[in-house]
Amino acid sequence: TSLNQRWEQARQQCSPVGRREGSKSASPREGLVDRTVPAELTNKVARVREAVSAVQKQLSLSVLTGKKFEKLELQGETLDRVKSALETLKPKVKKTEKDLELVSGSLSMEYFEKLTSQGEKCREEWVRVNHGYQEKRKVWVEAKQELDTFSLMVKEARDWLEEKEKLTLTWKQDNKQLPTAVVLGRVEREVLDWQKVVTDIELVGKKIAGGCEASQSRGVVDTCEEVERRWRMVVTEVSSRRSSGEVDREGGNMNLISSWTEQSLALITRQVNVSELSQLREIIRAFETAQVEVVKQRVALDELSIQVGVNSPVFQQTRAKVERINQMLPKRLHYLAEKGEKVSRLVEMVEEGARWVEEAKEKRTSNSSAQEQLKLRLAVSDKEYEMNQVFNEFLLLEREVTGAGMDVNSQLAKEVRSLKDSWFSLLGDVRRVSNTLNGNITTSTTTLLTSPDRRSIMAVSSSPDRSISSYQVTPSTLGSYTPKSGNNVEVTSPSDSVSSMASLVTLTSPTTSHEMVASPTTASASPMSEEVVSVAIPITLREPEAVLASLAVKSGQVINWLGGLVMEGERGGVRVEDTEAVGRELDRYRALLQQLEGRKFQMEEIVATATDLHPGSEEVVNQINILKAEWKETQQKLLGRKTELTAMLEHSDNLDSKGREVSDWLGKLERQLAGATVGRTRDILLAQIREVNQVMRELQKYSHHVTLFTQMCHRLVSIYSKDLTDGIQHLAGELSGRYSGLTSSCTARAKSLQAALESLNMFDRELAEFLAWLGEVETSVERLDGDGSPTLARLRDLQGEVRDRDGQFCSLANRGKEQIVVAGESDIVLGSKVGELGRRWSILQNMIMGIQDKLDREGEHLREKMENMRQWLDKKAMEMNRLKVGDSLGTIRKQKEEHIAFRENIQMRRGEIETTMGEGVRQNMEGVVQMEEDWLRVLAVTESWSRELDLAESGARQLDDTLTVLDRKVCKVETEQAGWSLPPSLDTVEGEREELDQAVSALHQLEEEVLQAKLVSDSAPSVSQAAHQKLVTIERRLTELQEAARSRREQLAGLEMVPDPASQQFLASSVPAGWERCLTQDCVPYFSCHDSETTQWDHPEFVQLIETIAAMNTVKFSAYRLALKLRKIQQKLCLDLLDIASAVVCFDSHGLTAEKHDLTICVPEMVTILTSIYETLYQCEPEDITVSVCVDLALNWILNVFDSQRQGFTRVLSFKLGLVLLCRGPLLEKYSVMFQLAAGGESANLDQRRLGLLLYDLVMVPRYLGEVAQFGGSNIEPSVRSCMSVGVKEPRASLDCDMFVKWLQDEPQSLVWLPVLHRLASAETATHDVKCRICRVDPIV
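Analysis parameters
- Residues numbered from 1 in each chain as written.
- Predicted model: local features only at pLDDT ≥ 70, side-chain atom pairs only at ≥ 80, totals over all residues.
- Heavy atoms only, no water.
- Helix = DSSP H or I, 4+ residues; strand = E, 2+ residues; numbered from the N terminus.
- Buried < 20%, exposed > 50% of the residue type's maximum accessible area, 1.4 Å probe, protein only.
- Contact = heavy atoms within 4.5 Å.
- Areas by Shrake-Rupley, 256 points an atom, 1.4 Å probe, with all protein chains shown as cover.
- Pairing = 2+ DSSP bridges.
- Axes fitted to C-alpha atoms, helices over the stretch in contact; angles between N-to-C directions.
- Salt bridge = Lys/Arg side-chain N within 4 Å of Asp/Glu carboxyl O.
- Phe/Tyr/Trp six-rings, centres within 6.5 Å; stacked < 30°, edge-to-face > 60°.
- Left-handed = near helix turned anticlockwise from the far one by under 90°.
- Nonpolar A, V, L, I, M, F, W, Y, C, P; charged D, E, K, R; others polar.

## Points about the overall build of the chain
- The secondary structure content of the chain amounts to 38 helices and 7 strands.
- Counting all 1341 residues of the chain, 40% fall into the buried class.
- Pairs at least 24 residues apart make up 77% of the contacts formed inside the chain by residues separated by at least 6 positions.
- Summed over its atoms, the accessible surface of the chain is roughly 74,500 Å², and 52% of this surface lies on carbon and sulfur atoms.

Set out below in structure tokens:
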């Protein structure tokens, strides 16, 4: 029972239909159901996927998918932005995954699977974009590190080069004292050590240049070339210092290098006996020394190229020999080093083999048991391959040495012959003992053998790994081997094992070392040898089962060996460009084929033995056919690969020879251009240009060789795609790059040489032009010196012209001296021209200096005279500045007389001053400009002072006349003022008011004239005290008259009658011209147009307002359309200036309380209340309010909405609502006031009847404006029920203010236009803290 219960529990838990708690299909907790909305979750997943896709697009930008080193800074910024985006998205992705895990289980399976699928896609995209970012970041970091490493290497190299360049410059500056041998040796070692650094910089630079844009690549390549060029210059200088202390003549240095090349070539071509180990090591040391020396010789040869010329035949022959040695030395050294290792290894193997043979002989003589002899036979079989390999290595060495006409090392040959004799002797003895044991072993023990079935045999022959483990037994387990059931061979004693082994040895008959040469490849387990001990079948047993078992075992072994042979052949590809590697691979395949052919007769022996013992058996035939098929397939594979390698060897050899030919040709041209400088003379430049043109022609002539070589490389890469061809691609790229670089270098050198030649030609033209100019200037200077009074301005012009040409003279002189130094004494014409140029330039300078001295002496006297005049002018200017205008008319006239005398004095000295200034200008004297300014300033001051005196005189006279006229006018008004003291009469009010208005007008005019007179007095330079006192008296009397007129106006105003607003008389002025305001019998206004002789109920401006509102019918949404219309009416009626509280106070002050809401109000009462409201507003906003127009428009609005039939009255509640709706104030306050108006008080409740009346009045507004259909029409019942049902299911009888406001806050459809009106009003004054792009207004209101 317990077991059944546990089984049932396990079955329920593992059931795929049941839902476990916590699984994705299980329903979530109740608290999670409400938070998980499938639609929102789908949208969230979609948004997350869109964000991830956007990040993926950033990773796919061209800046991140381009070259590795291109725009690293921009790559870093982009990756930082991607990182920031991923960090921002990470919490959102986790939140989305969590929501998907907690998705509601009540969903359908289709929808659930859809959500799960979207979540999986989102997760995959998230993982993909993160992986992509990590890869891009890793590549960027590697590129940054490599670029930093390159920059550091370049910086260190430049620092070192700068240090060595300073050292070599010091040597050049002090040629008498050479550096010590110790210092020079240390510098040479440093130069050689830094060669590897320069090479590394070049390699890294090529890598970076290949992975960046063109401009940056050019910069990197230029940096590498600069470092290499500077290093070569240091090498050249050090080598020259080394050679300067040894040989004095150039020929000696070249002879030394030629002698060294002959010795090195003799060393390379020297025949070496590779069997002599001591001689081989000595020649290797000589090659290593020569390899170090070749670098020094190349540097010395580069230095000599500057002295003897790159076109010298001796130099070219020596350069070719040095380059040949540089190419041959490493290969020859590598070959001899390999031979030395092989010979050392051969000697060690011979010594080890001799020791092993001696030990085996001792074991054979000391042990006579059969089992020990069998073990020795197995050990000899294991050693046979190694000994054959030793003999084969010696045979190859012997052939190589004797083929070169030399003798093999006698000691080594003696040891090998001794080892061979001992080995063959041991091998023969061991085999004789094995045959003897085989003949004497009895078969008394009964052995039951059952042959394996067909499937086992086929498994042996056809298994992929050629495994024969079911039939193989090692020597260590032979004595205890027990076959499997069904295929067993019973062995009852160790003697049975010995007997079985002996029979196997007799059957197999292996080859000896006299019959074949061992393969140089790694030894494999051959089924024909005794290296593998198999399950033995006694030869005396002739049962069919035993024969089939033996055949199956041997067939499996052969197939396994063939498979190993194929695997040995296919162990790896070969480098196609390496001829030696291809040759070694071809030799290896030849050896494999030899090994296969050498084992073929043993396979035939197995086939023949099996056929003889059991002819015609189907199983034997099948096994033989399988064996032959495997043998043939292996042979075909090896032969095919050998054929391919033969063709590859030929192609590799052609590639090597052709590549060496192209490389030598490029190297020859590179050497012609390397280290070449730009000549200084025309002959050298022309020769260099011819040489460069020859190189360019040769490049164009042999360019097809580079193209053919590149095509050959591409063809070999496509043919041998399975082998290693990266070296071919590198070689093709290297030679193509060298050709392109050589072409560019040749073009650049041609341009530089052409520019240098053009510079020489330009020098001749510039020199001739300069000499012609010099003749013209000399003529001008002589003419200037010959004049009696030379002008300083002309001298300054000549000096400026000469100064401008001074730089050109220095340049021509320096360039001419350089050409003379380079050309020597051969160019006599150039020397004479340069000498004449310097001499004439010095004479010109001396002539100009003489004229300058002459002008300086003449200008001293003029300078003193000008100084005296300047002092006199300054003195007069100061006197004029101290003058002030008089304060009376007599004083001003006296000042004018004095000023006229002063101006006459100035006019007398005018001619002298202008003459002196003209002389100073002619001689370009300093201070002339200042003197001219002083003179003009004095003239300007005199003119200004004259004008001031004239203005002061006219102003004083005009002020006196103006004050006299003003005094008479004030006296006239004072005479009229006498009647203002009498009390006013009601009958004469109108007449007195007109007289008072005339008097006030006259006072205003007097006030303006007094103000004008005061302005004249203030602007006058000086005013007398009498005139000022008279003006003050007039102002005081005018003020007293104005006060009296104001008092009289107030007395007359007290007698005016204020009309009653209800009479509407003051509204007659509200209509424009051509219109008349009329009243009906019920005092309802209407308007008559005299022009058209028509009448209408609406005010003319209200008609214009309605036309403006009609244009808003194009607004799409009805709520905004109605709100815009009401806003326009509100602004036109100026009710947006009236707040709700003021309106309520006005209503109460006129007795319109809650008890009178159901009563009616007539038009006169409406006019009275509206007049009170607008007069109050006028006090606050007088500029915006016109009381009569606003009252008439507001009355027109009330009558149109609530009394369209013009009966002359309307309900009090309707009148109040019509104004409250358009008042200014908060929306909630307006809702509260509306409730109070409808309910009759703040604490009262609103029943259905009053609510209906309120809504009916409110609906009248959209009805009048033609928008009632969009807000529920005239049916107010739904709105009443909706309001009464706020918060409950059934309508209530009444509601309070809070419920009413809550209902209105929900914006019911019938009243939605009211909050929209408030929002529009608020938006008009909204401020946006931004700048307009068009008008630049900030902020936007």
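## Quick look at the sheet that holds strand S2 (residues 1085–1089)
- Reading across from one edge, S1-S2-S3 is the order of the 3 strands in this open sheet, with antiparallel pairing throughout. Whereas interior strands pair on both sides, the edge strands pair on one side only; in this sheet they are strand S1 (1075–1079) and strand S3 (1094–1096). Neighbour-to-neighbour, the strand axes of this sheet turn through a mean angle of 30 degrees, independent of strand direction.

## Things to note about the pattern of salt bridges
- Under the defined criterion, the tally for this structure stands at 32 salt bridges.
- In this structure, Glu 226 engages Arg 230 in a salt bridge whose closest nitrogen and oxygen atoms are separated by 3.4 Å. Here the residue Glu 226 and the residue Arg 230 both occupy positions in helix H8 (residues 214–244), the gap between them amounting to 4 residues, near one helical turn.
- A network of salt bridges, in which partner residues are shared, links Arg 158, Glu 226 and Arg 230.

## Describing the packing of aromatic side chains
- Counted according to the given criterion, the structure contains 10 aromatic pairs.
- Between Trp 160 and Trp 194 the ring centres are 5.1 Å apart and the planes differ by 20 degrees, which places this aromatic pair in the stacked class. One end of the pair, Trp 160, is in helix H6 (residues 109–173); the other, Trp 194, is in helix H7 (residues 181–210), with 34 residues separating them in the sequence. The two residues Trp 160 and Trp 194 agree in class, both being buried.
- Among the aromatic side chains, those forming a connected cluster through ring pairs are Phe 1235, Phe 1300 and Trp 1303.

## Quick word on the packing of helix H34 (residues 1227–1239) against helix H38 (residues 1313–1324)
- Following both chains from N to C, one finds H34 and H38 inclined at 145 degrees, their axes separated by 11 Å at the closest point. The two elements H34 and H38 cross, and the hand of that crossing is right-handed. Of the residues in H38, those in contact with Leu 1227, Lys 1230, Tyr 1231 and Met 1234 of H34 are Leu 1314, Pro 1315 and His 1318.
- Looking at the contact of H34 with H38, its residues break down into 5 nonpolar, 1 polar and 1 charged.

## Thoughts on helix H33 (residues 1212–1220)
- Counting buried positions along H33 yields 9 of 9 residues, so the element is predominantly enclosed.
- Looking only at H33, the buried set comprises Val 1212, Leu 1213, Ser 1214, Phe 1215, Lys 1216, Leu 1217, Gly 1218, Leu 1219 and Val 1220.

## Concerning the environment of Leu 655
- One can find Leu 655 in helix H18 (residues 618–673).
- With relative accessibility at 1%, the residue Leu 655 sits in the buried group.
- Sequence-wise, Leu 655 and Asp 578 are 77 residues apart; in three dimensions their C-alpha atoms are separated by 9.5 Å.
- For Leu 655, the contacting residues outside a window of four places in its chain are Glu 577, Phe 709, Met 712, Cys 713, Leu 716 and Ile 728.

## Topic: unusual backbone geometry
- Although it is not a glycine, Cys 1134 sits at a positive phi angle of roughly 60 degrees.
- As for its placement among the helices and strands, Cys 1134 is situated in the loop between helix H29 (1118–1132) and helix H30 (1140–1149).
- The buried category is assigned to Cys 1134, whose relative accessible area is 10%.
- Positive phi, normally seen in glycine, also occurs at Arg 1206, with a value near 55 degrees.
- Examined against the element boundaries, Arg 1206 turns out to sit in the loop between helix H32 (1187–1202) and strand S5 (1209–1211).

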